[in-house]
Every structure is written in structure tokens, then in C-alpha cells.
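Remarks on the overall topology
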Amino acid sequence: MRKLVYWVHQSVDGFIEGPNGEFDWPAMGPELSAYSFELCDRADAFLYGGKVWGLMSYYWPRAEELSQDPHDLRFAPVWRRTPKVVISRSLETAEYGARVIGRDLAAEVAELKAQPGRELLLTGGSGAAAALTDLGLVDEYQVVVHPVVLGGGTPVFPGKDRLDLRLEETRGFDGRSVLLRYVRA
């Protein structure tokens, strides 16, 4: 059975974007960048919710035109060649060969997890992660906490009353951010 890993950046006060949707605060230093490539190497599919898909499908196909950041230049070809799955109830199709699921999320993700292969990496966002968490389909939570307080915005787990987790690992990156790796308790 393949493992589904939720990988997300958050502020110290628990938000994945600021009050105005800003996402200009995560610092991708060399150590965090290297770790993100380790995650990509363990995965053979990237999963995205609809909102994150819109951002990813705009940026990564043209990253070399938009950025000179070494992380971006190295990740762009990885993004292009890795199979992608978009979780959405409103999209029928998606560009770049991405598969769209969401009509029967529990069955579709269970089927993905049952296929042979490496991990499934759900990146960013909160809606898809919350839906998959509610269905008990997320196996591991990798939360990178960045040294910023946003004071509001989109919470990592919207509308969640309680979720008991067990800490498996902590790790610092670049003297700035901290990874908290959890599994369900």
C-alpha cells in the first residue's frame, strides 16, 4: 500500500497563507530545498487541490522564464515529468497530463494508494488535505514551520475540531524553519 504524505509550509501561528492570500514568506534555503527533493524522490505522483493546482500549473511550466532561483530551476523539470493528480469537484480536465479526481474521493484515493509504486505527495493547500484527513487517507503530515507570524489567513486545518497525531521526527533547516513530521496517533 502506497503512503500518502501531506507536505505543507505554515507560519508559526498556523496559517498557510496570509490574510490577503500572500505566500511570499516561506524561505527555501539550501537545506530545505535538498529535503524537498528527497521527498520528491520518494514520490511517484504529486497531488494538489484545485487552488494549489492553479498556482502550480501556471508557474512550473514557465519557471525558467519567471525565476533564476536555483531551487526553482532544479524543480521545474521534476514537476513536468512527475505524474500529477488534481483533487477537484469542479474541474473536468487539467492541463499537463494531470488526472482529475474528486467525484468519489474516498474510492479514487484508496485506488491510488492500492496501486504499486512509491509515495503520493500532497503539496500545500488546506481543502484537499482536510477532506483526505477526514476520510482517514493521509498517512503522514510533514509540516514545515517558518519564522513568521501572519496574524490571520488560511489555517492549515480549517474546521478541524481535533486530530490526534504522534510526532515521529523534528528537523531544522537553514537555521530558520523546522520540520514536524507526524503520523496519526
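The structure we're discussing is the one just above.
Reference entry: report on the structure contained in this document. (Residues numbered from 1 in each chain as written. Predicted model: local features only at pLDDT ≥ 70, side-chain atom pairs only at ≥ 80, totals over all residues. Heavy atoms only, no water.)

A word on the overall build of the chain. Secondary structure summary: the chain contains six helices and 10 strands in total. Over its C-alpha trace the chain gives a radius of gyration of 16 Å, about what one expects of a compact globule, namely 16 Å for 185 residues. Within the chain, contacts between residues separated by at least 24 positions form 69% of all contacts whose residues are at least 6 apart in sequence. Total accessible area on the chain stands at roughly 9,200 Å², and carbon and sulfur atoms take up 52% of it. Of the side chains in the chain, 21 bear a positive and 26 a negative charge, and the two mean positions are spaced by 4 Å. (Helix = DSSP H or I, 4+ residues; strand = E, 2+ residues; numbered from the N terminus. Rg over C-alpha atoms; globule rule 2.2 N^0.38 Å. Contact = heavy atoms within 4.5 Å. Areas by Shrake-Rupley, 256 points an atom, 1.4 Å probe, with all protein chains shown as cover. Lys, Arg positive; Asp, Glu negative; His and termini not counted. Charge placed at Lys NZ, Arg CZ, Asp CG, Glu CD.)

Counted under the stated rule, the structure contains 14 aromatic pairs. On the numbers, 5.9 Å between centres and 45° between planes, the contact of Trp-7 with Tyr-35 is tilted. Separated by 28 residues along the polypeptide, Trp-7 in strand 1 (residues 4-11) and Tyr-35 in helix 1 (residues 30-42) bring together distant segments of the chain. As far as the burial class goes, Trp-7 and Tyr-35 line up, both buried. Aromatic pair Phe-23 and Trp-25: ring centres 5.3 Å apart, planes at 75°, arrangement edge-to-face. (Phe/Tyr/Trp six-rings, centres within 6.5 Å; stacked < 30°, edge-to-face > 60°. Buried < 20%, exposed > 50% of the residue type's maximum accessible area, 1.4 Å probe, protein only.)

Right, let's talk about the layout of surface pockets for a bit. Approximately 1,200 Å³ is the volume attributed to the largest pocket. Along the wall of the largest pocket there are 45 residues; nearest its centre are Phe-23, Val-52, Met-56, Thr-123 and Gly-124. Mapped by element, the contributors of at least two residues to the lining of the largest pocket are strand 1, strand 2 (15-17), helix 1, strand 3 (43-49), helix 2 (50-59), helix 4 (70-81), strand 6 (119-123) and helix 6 (127-134). (1 Å grid on protein atoms, 1.4 Å probe; cavity = no way out; pocket = protein on both sides within 12 Å on 5 of 7 lines; lining within 4 Å. Points joined across faces, edges and corners; volume = space filled by probe spheres on them.)

Okay, the pattern of salt bridges next. Throughout the structure, instances matching the rule amount to 13 salt bridges. The partner of Arg-42 in a salt bridge is Glu-119, with the nearest N and O atoms 3.3 Å apart. With Arg-42 in helix 1 and Glu-119 in strand 6, this residue pair connects regions lying 77 residues apart in the sequence. Of the charged contacts in the structure, one is a salt bridge between Arg-166 and Glu-168, with a shortest N-O distance of 2.8 Å. By relative accessible area, which is 44% here, Arg-166 ends up partly exposed. A relative accessible area of 37% means that Glu-168 is categorised as partly exposed. A network of salt bridges, in which partner residues are shared, links Lys-3, Arg-42, Glu-119, Glu-140, Glu-169 and Arg-181. (Salt bridge = Lys/Arg side-chain N within 4 Å of Asp/Glu carboxyl O.)

The biggest cluster of nonpolar side chains holds 26 residues, and the ones touching the most others in it are Trp-7, Phe-46, Phe-75 and Trp-79. Put simply, the parts of the chain that give this core at least two residues each are strand 1, helix 1, strand 3, helix 2 and helix 4. In terms of residue count, the dominant contributor to this core is helix 1 (five residues). Once residues lying within four places of it in the same chain are set aside, the contact partners of Phe-75 are Phe-37, Cys-40, Phe-46 and Trp-60. Formed by 23 residues, the second largest nonpolar core is a distinct cluster that contains Ala-45, Ala-128, Val-138 and Tyr-141. (Core = buried A, V, L, I, M, F, W, Y, C linked by side-chain atoms within 4.5 Å.)

Two residues of an α-helix separated by three or four positions point the same way, owing to the 3.6 residues in each turn. Of the positions making up helix 6, those classed as buried are Ala-128, Ala-129, Ala-130, Leu-132 and Thr-133. Gly-136, located one to two residues past helix 6, shows a positive phi value of around 75°.

Worth remembering: the numbers are spatial, not functional.
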